[in-house]
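Fold and geometry: a report
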Amino acid sequence: MAEPLKVGLAGLGTVGASVVELLERGREQLVARCGRPIEVVAISARSRGKKRDFDTRKFRWAVDPFELAQDPDIDAFVEVIGGAGDPAKSAVEAALASGKPVVTANKALLAHHGQKLAALAEKHAVALNFEASVAGGIPIVKTLREGLSGASFARLYGILNGTCNYILSRMEQDRLAFDDCLREAQRLGYAEADPTFDVEGHDTAQKLSLLASLAFGAKVDPNATYVEGISSITLADLDAAEELGYRVKLLGVAVRTEAGIEQRVHPTMVPKDSAIAQVMGVTNAITLDATGLAPITLVGPGAGGAATASAVVADLADIARGIRTPPFGRPSAQMTSTRKAPMQHHEGGYYIRLLARDRPGTAAAIARRLAQQKISMESIVQRHAKGSPSALRSGSSGESVPVIIITYATSEDAVRKALAAVRRDRVVSGKPQVIRIEKN
Ligand SMILES: NC(=O)c1ccc[n+]([C@@H]2O[C@H](COP(=O)([O-])OP(=O)(O)OC[C@H]3O[C@@H](n4cnc5c(N)ncnc54)[C@H](OP(=O)(O)O)[C@@H]3O)[C@@H](O)[C@H]2O)c1
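Thoughts on the overall build of the protein
Looking only at helices and strands, the protein has 14 helices and 18 strands in total. Since a compact globule built from 440 residues should have a radius of gyration of about 22 Å, the 25 Å found for the protein is in line with a globular shape. For the protein, the spread of C-alpha atoms along the principal axes amounts to about 85 × 45 × 35 Å. Of all 440 residues assigned to the protein, the portion counted as buried reaches 54%. Restricting the contact set of the protein to residue pairs at least 6 apart, pairs at least 24 apart contribute 76%. Accessible surface, the protein: about 18800 Å² in total, of which carbon and sulfur atoms supply 50%.

What to know about the environment of Ala275
Along the chain, Ala275 falls in the loop between strand E10 (260-271) and strand E11 (283-290). The spatial distance from the C-alpha of Ala275 to the C-alpha of Glu24 is 36 Å, given a sequence separation of 251 residues.

Looking at the site of the ligand
In the vicinity of the ligand there are 22 residues, among which Leu12, Val15, Ser47, Arg52 and Gly304 approach most closely. Side-chain polar atom of Arg46 to an oxygen atom of the ligand: 3.1 Å apart, as the coordinates give it. One of the side-chain nitrogen or oxygen atoms of Lys107 is found 3.4 Å away from an oxygen atom of the ligand. Its residues assigned to classes, the shell around the ligand shows 10 nonpolar, eight polar and four charged.

Points about the pattern of salt bridges
Under the criterion given, the structure shown has 29 salt bridges. Of the charged contacts in the structure, one is a salt bridge between Lys89 and Glu93, with a shortest N-O distance of 3.2 Å. A residue pair is termed a helical-turn pair when its members lie 3 or 4 positions apart in one helix, as Lys89 and Glu93 do in helix H4 (residues 88-97) at four residues. Taking the relative accessible area as the measure of exposure, Glu93 reaches 28% and is therefore partly exposed. Arg145 is the partner of Glu146 in a salt bridge, and the nearest nitrogen-oxygen pair spans 3.2 Å. Assessed through its relative accessible area of 25%, Glu146 is described here as partly exposed. Residue Arg145 is classed as buried on the basis of its relative accessible area, which comes to 5%. Counted as one network, the salt bridges with shared partners bring together Lys142, Arg145, Glu146, Asp318 and Arg321.

Quick word on the pairing of strand E4 (residues 76-79)
Burial of E4 is two-sided: the residues Ala76 and Val78 facing one way and the residues Phe77 and Glu79 facing the other way are all buried. Examined bridge by bridge, strand E1 (residues 5-10) and E4 share four bridges and lie parallel to one another. The partner of Leu9 across the bridge, within E4, is Val78. Bridge count between E4 and strand E5 (residues 102-104): three bridges; the pairing is parallel. From the neighbouring strand, Val78 faces E5, where its bridge partner is Val103. Remark: the E4/H4/E5 crossover connection has right-handed handedness.

Observations regarding the sheet that holds strand E6 (residues 128-129)
Pairing in this open sheet of six strands is parallel, and the strands run E3-E2-E1-E4-E5-E6 from one edge to the other. Here the strands that pair on one side only, and so sit at the sheet edges, are strand E3 (60-61) and E6.

Some thoughts on the packing of helix H6 (residues 140-147) against helix H10 (residues 202-216)
Put simply, H6 and H10 touch, their axes get as near as 9 Å, and they point 15° apart. By the angle between their axes, H6 is roughly parallel relative to H10. H10 is crossed by H6, and the crossing has left-handed handedness. Within the contact between the two elements, H6 uses Ile140, Val141, Leu144 and Arg145 and H10 uses Leu211, Leu214 and Ala215.

A short note on the nonpolar core
Judged by nonpolar contacts, the single largest core of 75 residues is most densely connected at Phe77, Ile140, Leu144, Ile167, Leu211, Ile230 and Leu288. A per-element tally of this core places H10 first, with eight residues. What Ile230 contacts, discounting residues up to four positions off in sequence, is Cys164, Ile167, Leu168, Phe178, Val199, Leu250 and Pro267. In terms of nonpolar packing, the next biggest core, distinct from the first, is built from 33 residues, Leu5, Val15, Leu22 and Ala311 among them.

Digging into the environment of Ile233
Structurally, Ile233 is set in the loop between strand E8 (225-227) and helix H11 (235-244). It is 36 Å that separates the C-alpha atoms of Ile233 and Gly11, two residues lying 222 residues apart in sequence. Excluding its chain neighbours within four sequence positions, the residues that come into contact with Ile233 are Leu168, Met171, Phe178, Leu238, Val248, Pro267, Gln433 and Ile435.

Topic: the packing of helix H13 (residues 362-372) against helix H14 (residues 412-424)
One can describe the packing of H13 onto H14 by two numbers: an axis separation of 8 Å at closest approach and a directional angle of 150°. Between H13 and H14, the angle is such that the two are roughly antiparallel. Where H13 crosses over H14, the handedness of that crossing is right-handed. Residues Ile366, Arg369 and Leu370 of H13 form the contact with H14, whose participating residues are Ala418, Ala421 and Val422. For the contact of H13 with H14, the class distribution of residues is five nonpolar, no polar and one charged.

Analysis parameters
- Residues numbered from 1 in each chain as written.
- Predicted model: local features only at pLDDT ≥ 70, side-chain atom pairs only at ≥ 80, totals over all residues.
- Heavy atoms only, no water.
- Helix = DSSP H or I, 4+ residues; strand = E, 2+ residues; numbered from the N terminus.
- Rg over C-alpha atoms; globule rule 2.2 N^0.38 Å.
- Buried < 20%, exposed > 50% of the residue type's maximum accessible area, 1.4 Å probe, protein only.
- Contact = heavy atoms within 4.5 Å.
- Areas by Shrake-Rupley, 256 points an atom, 1.4 Å probe, with all protein chains shown as cover.
- Near = heavy atom within 4 Å.
- Polar contact = N/O pair within 3.5 Å; in protein donor to acceptor, adjacent residues only side chain to side chain.
- Nonpolar A, V, L, I, M, F, W, Y, C, P; charged D, E, K, R; others polar.
- Salt bridge = Lys/Arg side-chain N within 4 Å of Asp/Glu carboxyl O.
- Pairing = 2+ DSSP bridges.
- Right-handed = clockwise from strand over helix to strand, strands pointing away.
- Axes fitted to C-alpha atoms, helices over the stretch in contact; angles between N-to-C directions.
- Parallel < 35°, antiparallel > 145°, perpendicular 65-115°, else oblique.
- Left-handed = near helix turned anticlockwise from the far one by under 90°.
- Core = buried A, V, L, I, M, F, W, Y, C linked by side-chain atoms within 4.5 Å.

Structure representation (structure tokens):
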């Protein structure tokens, strides 16, 4: 039999332990597919004495991931430690610089240093594979980089964070408030003790920056994305979405526009009959729009040891077969510094929920401010206390009543200016809720 691919594995947590398990369980299948075995020969983690789900004594222990990365007895280095800094960064750099192919699941590392690491991998003619870093078990990196290398992408959008999708699904299905669903997600291990990175959209933004680079050839830039999270979403928004034929999802969206590549993460109303709207719970999904091709939606597990290990092992299988593709699908020198399309230029439909004062002149004042910004309304309804909608009228109770407006396509700039003027008019109380609408 051909020589095995000897692997050094740094990180033995959820993903690392599952990689060991999958390589053992899938050994024969991998030999059949790659023509050679893939064997972990050396491992490294923070604490040697920690109890693990597999027998660590079968493998050589490396005290330091940095040293493991340069070990002459390994053919490939797997980094599943995590974090944008060291030791993950220096270990990956050391492996590439010593001519070893690298597999990583680390979206933070790639979002911040992907451009330089890709150039380093090319310089030393080795692979840098990162399938597991976006949407866990969904082979989206390979799909964009190889499966659709003939395609010209117009847009991609996806549910890239299982925690947020779980929370929004539970809110909608069980009529629970955001905070209750977040606590439940934490109890089930879907959300971190500090959930900010997930629920405020930053995790999605890092993943989106990698997908946008793969699809559009733009240099990886985690700061190119407009980010809004889901913590302001209420049951009132989900109820309104339901009545209007939409569902609310936290989407990462990258679109080619005349102003450049628009990258944005925000709660989004998607048509209830769209493929992405059907995706509930912790599941991830990505829809790809390419010119001349009907939309393609990939759906699957976005996290968890087994799903993520599946992606890591697939990347190792490519290395065992001798396959090497530029990390972002084209030579890094050809990746462009595309202009970041400013969010103010974004064009689309909007859902706006206002708490309007029920007194004469309110409806006219709101309509006037929208008209001044040339915003056309598809619908405007006022909700009574018990929740049933009716056409907007100016009443006289003086109380605040929720008013829901759906606009035709307009610009972000126009919406922001109109709402600032409405607030100055003092015909609404509180901050207006704005949710962008993404059509199929
Ligand atoms: N978990 C998922 O579902 C998932 C999905 C997609 C991508 N990922 C990515 O995969 C990577 C690993 O995630 P994970 O969930 O497996 O993390 P984890 O369970 O926290 O495991 C991290 C591992 O790294 C080791 N480690 C941490 N700091 C270290 C240091 N300074 N030196 C040496 N080893 C160190 C830890 O050692 P000890 O065990 O000794 O503490 C542990 O074995 C991350 O980049 C993550 O974003 C995870």
